[in-house]
Structures are given as structure tokens and as C-alpha cells.
Number of protein chains: 2
Amino acid sequence: MTKPCRIALLGVGTVGGGVADLLARNGEDIESRTGIRFEIACALARNRERAAKRLGGNIAVESDWRRIFSEHEFDIAVELIGGETDACESMLAAFARNKPVVTANKALLATRGGEILASAAKGAAGIYFEAAVAGCIPAIRLLKGALAGDRIRHIRGIINGTCNYMLTRMRTDGMSSSDALAEAQQLGYAEADPTLDVDGLDAAHKAVIMAWLAFGTPLTMNNIAVTGVRTIAAKEIEYAAEFGFCLKLLANVELIEEAVSIWVSPALVADNHTLAQVEGSMNAVQAKADAAGELSLIGAGAGAGPTASAVVSDLVECATDLACNRVPVMPPENSRKVLAAEMFNCQSYLRVPAMDKPGVMARATGVLADLDISIEAVRQPESDSGAKTDVVFLLHETSWQNLHKACKMLAGLDDVTDWPVLLPIAVPHTEKK
Amino acid sequence: MTKPCRIALLGVGTVGGGVADLLARNGEDIESRTGIRFEIACALARNRERAAKRLGGNIAVESDWRRIFSEHEFDIAVELIGGETDACESMLAAFARNKPVVTANKALLATRGGEILASAAKGAAGIYFEAAVAGCIPAIRLLKGALAGDRIRHIRGIINGTCNYMLTRMRTDGMSSSDALAEAQQLGYAEADPTLDVDGLDAAHKAVIMAWLAFGTPLTMNNIAVTGVRTIAAKEIEYAAEFGFCLKLLANVELIEEAVSIWVSPALVADNHTLAQVEGSMNAVQAKADAAGELSLIGAGAGAGPTASAVVSDLVECATDLACNRVPVMPPENSRKVLAAEMFNCQSYLRVPAMDKPGVMARATGVLADLDISIEAVRQPESDSGAKTDVVFLLHETSWQNLHKACKMLAGLDDVTDWPVLLPIAVPHTEKK
């Protein structure tokens, strides 16, 4: 009988429970294919009794992570605690004992990644985090493995299922963003506190991890411009549709003259593009590399099954590495510049809320002309509210900085009633599918 | 300075040249990220002078693969010779010397895979073949790695760029299949002898490799029903479009009650499905697994850049394995039954060419009713040719065997002028995107 690979399962919630289920269901199959026999040696859970019942068998459950390390023997720690303090401390404790860690904790990697990687390196222990980005979509394997011989230029994706679900419902059923959020919460797609998701921070965490893997840019949440979907109005989706676009919360990481540009924002995507077809809680990651061209990966970005599938695939990789004393190489930090948040160019969508008076479009277009911003299309949709209207522009490529200046000047016009809404066009109609 | 990892580059054609270019361009970057420095130690080419010029430097070029083994030292053999005899013999020679092989040779793996794998196992040497299936799409890594902890149920894909290019042109420009093929050849998308591509054999080779990786079913071209696109008429595409479908050459591998069903055929795909958006020479691979759900990968399936990118990613993996004396585990053969070619059920498209006489539709539907085949929709498009018409059916799910029986009976009817055209509906409109 094969010597088992012993797992410390830190966290027996939705994902942790899913991991235990998957190992129970596929353990034999995994052993016959890989020669690795996994065994959950111990587990961490706040409610020990419930967890023990969930896991079955004679698995020891502790409620303090320190006891996992003082009382039990194991080969791999699977960190599914979430949050910051306990998750981080237990990871560092594992590395201090030269134990590798499999984790799905994107927030922790994005905010304290430097410290964690240094600690892993010091312990000569591996860290595996496929489940941290886009559920079962092998985004990490793509960047680390499949494109290892290539030069990645651009990564973008729909990497928050809650926001994508909301935007999909808003488009298909004309819901408001708050109603769509309430529904997502009811269906279990959104957390009780949806801040991380809805405000774009969760997508930003994942973008930071991908930027680091692809470009060696140190893990940090600085320099990343983040806009969420909380304030997206139903009319934005309607107007965008009239121009042949849909709205997606996109994370975008790209090299611009060897510097890294990174942002998360609701953005316009041409209706016939692959990304536009990614609906509901699905996720997508696209990478463009010099030799390979564009690769698109689409799949479930969250949920017990997909996330557990990614965790167990990491367990297999980790155990394989352990068997030959290998520690996965992490990209060396480099001195690549990270562009300040507003230093990128793009085509854009601009809605200017204004009084329905003669000459308002002329004055607005005058502002744009003064800033050398050229207009691809402009519409003034009929308004029900009589006195108020919107002037909606599609603008040719210009700098984001310049566009902010335009917003400021437009907001200062007499007939403009509110701050303009500015959104990047991430996938123009001219982009080849 | 790092000790170099020495490559024997067997074949300096489009892909081999692309590999050399990629290593020249990204070599430093690869070394800084992975610690591996690649060096082409020797090369094999029929035209030694041209190859030496193409490779530059002082790389020794041989025209007989035996001299590669007798005269040179290397760590990894990259087999890009193509064809059968020399490719296979040089691979076996490498394994006999305990040298790992990276290859893009799908035909060889699909037809002589058993022998090759046995030889690799005997030599305790690895074999890496990401480039053999769907160019830069990491299909092999998906099946071997990303879904290693999951249970795969179904794989399907658009995995022949030539056929997809032809079908796309036929739809968008009403071309005949022979004109579309001539254009594909002119553009370099199709070989001078397009048999392997157009008749579906290339897709079948790749399907056989994926079936083996996913299900452990031994590599073989037996038991696989293969239909290509050579005889597809423009009107099939037109009629399918009227029902809201497009036509794609699909490879389909799935578990049906634990037995493996595998076929390659032009098939109908609902217009709004992800696979329908995969146009021109692009490829797509979809895998469905128990926990992960459905994953779709889309990218360039051929060409020097994408294929070289996959080869070099394999080189990185191979060199990493070499450094720790690891040989990748191949799925153990199992005793899973492979279903005979016609043992699957599906919805289908059936066109019955007939004389435009009263009662012909009644007689045709009578035949279907006798066989318990129920009809979802039927159309009799107006015909220009006066006396001749088509009766086009969409049929509810039934066995392929039963459908063949129906074709035979329909062909025997007095007013039916030609053998009916039968195509599976791979993605019905009811399938969730």
C-alpha cells in the first residue's frame, strides 16, 4: 500500500467540505492515475463537532490552528480559512516547518504576497494557488506553465462571478444593480457583505496575482485603479447595447512599452466577442502572448465544486513535487515600472447627464474638441423625464487622463446636471474575435 | 553560468524553425524565470545547408537521425520530423538512451502510441506532447494537470483549423467546400495533400490522444467513427442556419455509462453557443468534469508561433522534470469498454433529397414514425430546380444505429433521389451556454 500524503485541512466550510468530498469520491481514481494516496490527517474548524460530522471517519478536528501544528503530523497544509490573520499566520507556520501550502486565499496573496513568498522561499516550501484565481479555470497553470516559453503581453478577464451575474441580470431583465445584488445574495452567488465583490476588490486581488505571475511585478494593491459595479445604472447597459456593446466588469493587465498597466472597471465589450458571451456567474481569462496569440479560458469561477477541483489539482501537483523534493519556481521580482492608474489610452463611452436645452450637445462636443478628443458616435436618447436628457458619446482612443479632464470640464458646464459617466471600451467592434 | 539543457532539434521546418526562433528570442527571459538555459546542440534536416543558415551559429546539422545519436550529446530530443518511420525510430532511439522526447506528432501518437509509451516507460524517460493537440491551447495540461483531481465525463472540440476555416468560409461567403479548400491551401492553412485534415483523420488523431489521457483508454484509431467535411454541401450549412445552427467539424469523446464513445463528424452547434463563435482557423477544446463543470479553451490550433509556444512550454516542463529525475506519470491502461462507432444517441439533422411530388413528406415521416423517431421540426425549402426538393428534419434524440436504419429505408422510397444526409446535433439550443 502506498504511503499516504497527509493533508491538514484548514477550514471545513463550503470549499473545504468540497475538497473532502472530492477526495472521498475520487481518491482511488487519483491513486490509480498518479500513485498518490491522499489522507486528511487533521482539520481546523470553528465548530469542531459539525466539522467532524461533515468529514466523517476519525479525523481530528481542532479549533485553534496552533494545535494543528503542535499536535499533528502532516505533509501539506490546505489553507481555506479565508480572511487575513489566522490564514496568514498558519501559512507562515507551515513554511517555518518546511511544509508546502495549497491555498485559495486571493485577498491574502494580493495584500501580503511579498511576505508570504519570502517565507515560503525561506522554508524551501512550495505554495500553490490555482484556486485563488477564477475557480476551476486553470489561469495560474496557463501563466506559469502553458505560456512558460512565451512572452505574455496582455491578460484580461471576467473574474468576479457576482458582478457578472449582476450585470447579466441587469441586461437581460432590466434590473437595478441593487435588486440584482439582492438576488445574487439570495441565490448564494454573493456574500452577506458583498463589498469585496461588488466594489471590484476581489477582481483586483486576482488581477494583482496574475500580473505578478505574468510580469514578475511584485504583489501589491497599490497602483491599481479599481471601479466596481455598485453604481452602474441600468441606463448605461441600455445605451451600451444600443451601440452594440455589453457591459462586463473587466480586469485588465497589460504591458505598455514594458511598463505594467493594471485596472479593474466595468467596461464595454463588443456584443459578438467571446467575452460578451460569458454570462451569469461564469468567468473568463484571456491571455495574449507573442508566439501563441490569444488564448481564452472560460469556466465556473466559484462554487464548492469548481474551487475544490482546483484545490485538489494543486494537491496532486504539490504531492508530485514533494515526491521529488521539488519546489516550484516563482517569477523573480523585476524592476518593471507599474504605470500610475490613469496612464493608459483607450476608446471610451461617456454619458453626460444634462438639461434638454438647445445647444447642449454643441457645448459638450466643444469641450471634447478643445481637448483633442475625437468622437466616433454621439446619441441623445429620447428622455421620459422631459427636462433632463443624456448625451452619450463613443470616443476614439485618447488618454484616460485626458478623459478625466474632459469629465471635469463637462461637469462645470451650466446645463450639465451631474458628473459624467466614463467607461473604457475594452473590446471595440474592430477587434478580431 | 547555468549548465545548459541541450536540445536535439529533429526537424527544422515551420515548427522547428519557430522553436529555434522562440528560444533565441525568449531564452534569457526563460532562464531568468526558471533557471533553465536551453541550447540547441544539434539538428536534423534534409537540407543541411538551408537548416544551418536558418539556425545560425555553430549548430551541427545532420541529415540522418542516426548520426544525431552516434555523434552528439544532448538532454532532450524534440521530434518535429512528422510522418511515421523516421519520427518513430528516432523517438524509440531516444528512449533507448533514456532521453526524454518532446513531440508534436499527433498521427504517430494516435497510431503507434502503445509502442511509444511502452518504450518511454522502459527507458524511464518522459514524453511530452502538448503541441500535438490544438496548437497552443493547453489541452494536454488541462487533462493531465488542471483536472487531475476531478472526473472528466466529456471532451469535445473544434480541433482542425483547416476544416473550421473551410466551414467558416462556406457559411459566410457561400463557397463550395472545394473552393474553400483551394483558398485554405493558397493561404497556407491546408497542406498540399489535405487528406488528413479534410477527411477528419487529423481531428481523430487528436481525439484519440485526449480520450487516452482523460479515460485511460489505450491509444488506437479503431472504434472511432470519422466523417470529414469534403462532401459537405453548401446547402447543409444554409438549412442548418435556418434552424439556428452552424456546422462545425467536432471531435466528441464521452463516457456513456462508463464506456467510451468517440466520434469525429461535422455536427450542428446552436448559433449562440461558445463553440459557434470559434471561427476561421481557431480551435476550441471543451471538457466537462464532475466537480469543475464545463471548461472551454479557445486559441490558435496551428501555425509556427502557437505550435512553437507549446513545444517550448513542454521543453520547460521536461527540463524541470529532468532536474529532479522525475518522469511524468502516464494514465494506466484500463479495461473501459470502447463503444462501437454507432452506439450513441443524439438529436440529429436529416436531409432527404426527393422529387417534389405530393405525399413525399408524408411517406418520409411515415418511415421515421415506424422507427419510433420523433420529429422536432421539418421544412421543405422552396427549390429552384423545379422537380427536385429536400425534406429537412430536426429529429429528437434517438440511437445513431436507428438513424442509419432510417436512412436506408428512406433511400429505398420511390421519390427519394439520393442517399439522405445525416448529421448529429452536438449542441442543441436547449444546452446551457
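Small disclaimer: the values here were computed from a predicted structure and weren't measured.

**A word on the overall build of chain A**
Thought 1: A tally of helices and strands in chain A yields 14 helices and 16 strands.
Thought 2: Over its C-alpha trace chain A gives a radius of gyration of 24 Å, about what one expects of a compact globule, namely 22 Å for 433 residues.
Thought 3: Across the 433 residues in chain A, those meeting the buried criterion constitute 57%.
Thought 4: For chain A, the proportion of contacts with a sequence separation of at least 24, taken over those separated by at least 6, is 73%.
Thought 5: With the model as given, the accessible surface of chain A reaches about 17200 Å², and the carbon-plus-sulfur share is 48%.
Thought 6: Distance between charge centroids for chain A: 4 Å, based on 41 positive and 53 negative side chains.

**Regarding the pairing of strand β4 (residues 76-79) of chain A**
All names here are of chain A.
Thought 1: Covered by surrounding structure in β4 are Ile-76 and Val-78 together with Ala-77 and Glu-79, the residues of both alternating faces.
Thought 2: Where strand β1 (residues 4-10) meets β4, four bridges bridge the pair, whose relative direction is parallel. When the bridges of β4 are listed, Leu-9 appears paired with Val-78.
Thought 3: Taken together, the three bridges between β4 and strand β5 (residues 101-103) define a ladder with parallel strand orientation. The residue of β5 that forms the bridge with Val-78 is Val-102.

**Describing the packing of helix α6 (residues 139-146) of chain A against helix α10 (residues 201-215) of chain A**
Between two packed helices, what matters for the description is the angle formed by their axes and the separation of those axes.
All names here are of chain A.
Thought 1: Between α6 and α10, whose axes approach to 9 Å, the crossing angle comes to 10°. Here α10 runs roughly parallel to α6, going by the angle between their axes. Judged by residue contacts, Ala-139, Ile-140, Leu-143 and Lys-144 of α6 engage Ile-209, Met-210 and Leu-213 from α10.

**Some thoughts on helix α4 (residues 85-96) of chain A**
Residue and element names in this part refer to chain A.
Thought 1: The end-to-end C-alpha separation of α4 is 16 Å, in line with the 16 Å expected for twelve residues at 1.5 Å each.
Thought 2: Turning to α4, its buried residues are Ala-87, Cys-88, Ser-90, Met-91, Ala-93, Ala-94 and Phe-95.
Thought 3: Phi turns positive one or two residues past the end of α4, at Asn-98, with a value near 60°.

**Some words on the relation of the copies chain A and chain B**
Thought 1: For the match of chain A to chain B, the screw axis carries a shift of 0.0 Å, the RMSD comes to 0.0 Å, and the turn is 180°. Such values leave the two copies arranged in the relation of a two-fold axis. Taking C-alpha positions as reference, the residue of chain A nearest the rotation axis is Leu297(A), located at 2.3 Å.
Thought 2: Comparing interface residues between copies, 100% of those in chain A also sit at the interface in chain B, which points to an isologous, same-surface contact.

**What to know about helix α12 (residues 304-323) of chain B**
All names here are of chain B.
Thought 1: Taking 1.5 Å of rise per residue, the 20 residues of α12 would be expected to cover 28 Å, and the 28 Å separating its terminal C-alpha atoms lies within 8% of that figure.
Thought 2: Of all 20 residues that make up α12, 15 are buried, and the element is covered over most of its length.
Thought 3: Following α12 by one or two positions, Asn-325 adopts a phi angle in the positive range, close to 55°.

**Here's the deal with empty space enclosed by the protein**
Residues and elements named next belong to chain A.
Thought 1: Per the counting criterion, the structure on display carries four cavities of 30 Å³ or more.
Thought 2: A volume near 80 Å³ is recorded for the largest cavity.
Thought 3: Around the largest cavity sit Val-208, Ala-211, Thr-217, Pro-218, Leu-219, Thr-220, Asn-222, Val-260, Ile-262 and Val-338, which together line it.
Thought 4: Where the lining of the largest cavity is concerned, the elements lending two or more residues are α10 and β10 (259-270).

**Concerning the packing of aromatic side chains**
Think of a pair of aromatic rings as described by two things: how far the centres are apart, and how the planes are tilted against each other in angle.
Thought 1: Applying the stated criterion to the full structure yields ten aromatic pairs over all chains.
Thought 2: The interplanar angle of 20° and the centroid separation of 5.3 Å between the aromatic rings of Phe344(A) and Trp400(A) together place this pair among those described as stacked. You can see Phe344(A) sitting in the loop between α12 (304-323) and β13 (345-355) and its partner Trp400(A) sitting in helix α14 (residues 400-411), a full 56 residues away along the chain. The two residues Phe344(A) and Trp400(A) agree in class, both being buried.
Thought 3: Look at Phe69(B) and Phe74(B): their rings are 5.6 Å apart centre to centre, the planes differ by 75°, and that puts the pair in the edge-to-face class. Grouping residues by exposure puts Phe69(B) and Phe74(B) together as buried.
Thought 4: A network of ring pairs unites the aromatic residues Trp65(A), Phe69(A) and Phe74(A) as a single cluster.
Thought 5: Above the ring of Phe243(A), the side-chain terminus of Arg379(A) is found at 6.0 Å from the ring centroid.

**Describing unusual backbone geometry**
Residues and elements named next belong to chain A.
Thought 1: A positive phi angle, near 60°, is found at Asn-98, a position not held by glycine.
Thought 2: Within the fold, Asn-98 resides in the loop between α4 and β5.
Thought 3: The phi dihedral of Asn-223 falls on the positive side, at around 65°, and the residue is not glycine.
Thought 4: Mapped onto the secondary structure, Asn-223 falls in the loop between α10 and β8 (225-226).
Thought 5: A relative accessible area of 36% places Asn-223 in the partly exposed class.

**Quick look at the confidence of the model for chain A**
Thought 1: Looking at chain A, pLDDT values average 93 and 98% of them are 70 or higher.
Thought 2: Among the prediction metrics, the complex's ipTM stands at 0.94, with pTM recorded as 0.95.

**Looking at the side chain of Asp197(A)**
Residues and elements named next belong to chain A.
Thought 1: Here Asp-197 shows up in helix α9 (residues 195-198).
Thought 2: Buried and unpaired, Asp-197 has Lys-206 as its nearest opposite-charge partner, separated by 5.9 Å.
Thought 3: Among residues more than four places away in sequence, those in contact with Asp-197 are Asn-160, Thr-162, Cys-163, Glu-191 and Asp-202.

**A word on the environment of Thr307(A)**
Residues and elements named next belong to chain A.
Thought 1: Among the secondary structure elements, Thr-307 is positioned in helix α12.
Thought 2: With 54 residues separating them along the chain, Thr-307 and Val-253 place their C-alpha atoms 23 Å apart.
Thought 3: Those residues in contact with Thr-307, other than ones at most four positions away along the chain, are Val-15, Ala-104, Ala-131, Gly-135 and Ala-302.
Thought 4: One polar contact links the side chain of Thr-307 to the main-chain carbonyl oxygen of Gly-303, over a distance of 2.7 Å.

**Looking at the side chain of Asp415(B)**
Residues and elements named next belong to chain B.
Thought 1: With respect to the secondary-structure elements, Asp-415 resides in the loop between α14 (400-411) and β16 (421-427).
Thought 2: A distance of 2.3 Å separates a polar atom in the side chain of Asp-415 from a polar atom in the side chain of Arg-363.
Thought 3: Among residues more than four places away in sequence, those in contact with Asp-415 are Pro-353, Ala-354, Met-355, Lys-357, Val-360 and Arg-363.

**Regarding the environment of Thr195(B)**
Residue and element names in this part refer to chain B.
Thought 1: Position of Thr-195 among the secondary structure elements: in helix α9 (residues 195-198).
Thought 2: Thr-195 sits in the partly exposed class, given a relative accessible area of 31%.
Thought 3: Those residues in contact with Thr-195 that lie beyond four places of it in its chain are Gly-200 and Arg-230.

**Some remarks on the sheet that holds strand β6 (residues 127-128) of chain B**
Residue and element names in this part refer to chain B.
Thought 1: Strand order in the open sheet formed by six strands is β3-β2-β1-β4-β5-β6, with parallel pairing between adjacent strands. The two strands at the open ends of the sheet, each matched to only one other strand, are β3 (60-62) and β6.
Thought 2: Where helix α1 (residues 14-34) meets the sheet, its contacts fall on β1 (4-10) and β2 (37-44), and the angle it forms with β2 comes to roughly 160°.
Thought 3: Its contacts with the sheet place helix α2 (residues 48-55) against β1, β2 and β3, and it is angled at close to 150° to β3.

**Re the interface of chain A and chain B**
Thought 1: Each side of the interface is counted separately: chain A has 47 residues, and chain B has 47 residues.
Thought 2: Where chain A abuts chain B, roughly 3900 Å² becomes buried across the two surfaces, and 54% of that area is made up of carbon and sulfur atoms.
Thought 3: Run the count over chain A and chain B and you get zero salt bridges.
Thought 4: Here chain A and chain B share twelve residue pairs in polar contact (both at pLDDT 80 or more) between them.

The rules behind the values
Residues numbered from 1 in each chain as written. Chains lettered and ligands numbered in written order. Predicted model: local features only at pLDDT ≥ 70, side-chain atom pairs only at ≥ 80, totals over all residues. Heavy atoms only, no water. Helix = DSSP H or I, 4+ residues; strand = E, 2+ residues; numbered from the N terminus. Rg over C-alpha atoms; globule rule 2.2 N^0.38 Å. Buried < 20%, exposed > 50% of the residue type's maximum accessible area, 1.4 Å probe, protein only. Contact = heavy atoms within 4.5 Å. Areas by Shrake-Rupley, 256 points an atom, 1.4 Å probe, with all protein chains shown as cover. Lys, Arg positive; Asp, Glu negative; His and termini not counted. Charge placed at Lys NZ, Arg CZ, Asp CG, Glu CD. Pairing = 2+ DSSP bridges. Axes fitted to C-alpha atoms, helices over the stretch in contact; angles between N-to-C directions. Parallel < 35°, antiparallel > 145°, perpendicular 65-115°, else oblique. Expected span 1.5 Å × (residues − 1). Least-squares fit on C-alpha atoms with pLDDT ≥ 70 in both. 1 Å grid on protein atoms, 1.4 Å probe; cavity = no way out; pocket = protein on both sides within 12 Å on 5 of 7 lines; lining within 4 Å. Points joined across faces, edges and corners; volume = space filled by probe spheres on them. Phe/Tyr/Trp six-rings, centres within 6.5 Å; stacked < 30°, edge-to-face > 60°. Lys NZ or Arg CZ within 6 Å of the ring centre and 35° of its normal. pLDDT = per-residue confidence, 0-100. Salt bridge = Lys/Arg side-chain N within 4 Å of Asp/Glu carboxyl O. Polar contact = N/O pair within 3.5 Å; in protein donor to acceptor, adjacent residues only side chain to side chain. Buried area = accessible area lost by both parts, 1.4 Å probe.

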